[in-house]
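Coordinates in review
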Amino acid sequence: MEQEYEIVKHLQLEDLNIFLVNMTYRRLHVHKEFEICMVLAGSLKVYERQGYISLGRGDIVLFNPRQAHELHSLTENTVLLSIQISGNFCRKIYPDIRLLEFEENILTLDKYGREQKARLCGSILNLAKFYFLNAPGYNFFLYEQSF
């Protein structure tokens, strides 16, 4: 399978990029950032290191830097919230972040309790809200939401 290397632009805030996408297909690719994708609507088939998996509304997938992944929408209107985080994010507070790699990268309700997953989803949505509002001082709220 041929893959491409994606260069992520951090236009609004250094080391962090957040966007919404109405997903149909994203070919196999890698990038140097961590990426967290939360399915807001529809369903998705994801190819990552363990093969193909299907995700539905509220499910979350985490890709490590340089981890090849491919995304296929299984429904007409699949909407993803995507957060791309550079290995330099919070480097002064946690210098070893650049060495961090997650083994468990699929977060579905059957793997985690309802309360734990609800807290994680709430944090992700708050992070995106502050990013999109772009209000004065929002970057402090973003860092606070990350911890």
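Everything that follows concerns the structure shown earlier in this document.
Attention in this report is confined to the structure presented alongside it.

**Examining the nonpolar core**
Soluble globular proteins tend to bury their nonpolar side chains together. Among the nonpolar cores identified, the biggest contains 18 residues, and Ile18, Ile36, Ile83, Ile85 and Ile124 are the most heavily contacted of them. Looking at this core, the elements that each hand over two or more residues are β2 (16–23), β4 (34–41), β7 (60–63), β9 (78–85) and α1 (114–133). At five residues, the largest contribution of residues to this core is made by α1. When residues no more than four places from it in sequence are discounted, the contact partners of Ile124 are Ile36, Met38, Ile60, Leu81 and Ile83. Grouped together as the second largest cluster of nonpolar side chains are 11 residues, Leu44, Val46, Val61 and Ile106 included.

**Things to note about the pairing of strand β6 (residues 51–55)**
Alignment of strand β5 (residues 44–48) against β6, held across five bridges, turns out to be antiparallel. If you follow Val46 over to β6, its bridge partner there is Ile53. Turn length for the β5-β6 hairpin, with the two strands adjacent in sequence and antiparallel, is two residues.

**Focus on the pairing of strand β8 (residues 69–73)**
Burial of β8 is extensive: four of the five residues sit out of reach of the surface. Pairing of strand β3 (residues 25–30) with β8, which is carried by three bridges, proceeds in the antiparallel orientation. Along β8, the bridge assignment pairs Arg26 with Leu71. Pairing analysis gives four bridges linking β5 to β8, with the strands arranged antiparallel.

**Overview of unusual backbone geometry**
Of note, Arg66 is a non-glycine position whose phi angle comes to about 65 degrees, a positive value. With respect to the helices and strands, the residue Arg66 is situated in the loop between β7 and β8. The exposed category is assigned to Arg66, whose relative accessible area is 55%.

What counts and what doesn't
- Residues numbered from 1 in each chain as written.
- Predicted model: local features only at pLDDT ≥ 70, side-chain atom pairs only at ≥ 80, totals over all residues.
- Heavy atoms only, no water.
- Core = buried A, V, L, I, M, F, W, Y, C linked by side-chain atoms within 4.5 Å.
- Buried < 20%, exposed > 50% of the residue type's maximum accessible area, 1.4 Å probe, protein only.
- Helix = DSSP H or I, 4+ residues; strand = E, 2+ residues; numbered from the N terminus.
- Contact = heavy atoms within 4.5 Å.
- Pairing = 2+ DSSP bridges.

None of the figures reported here should be taken as evidence of function without further support.
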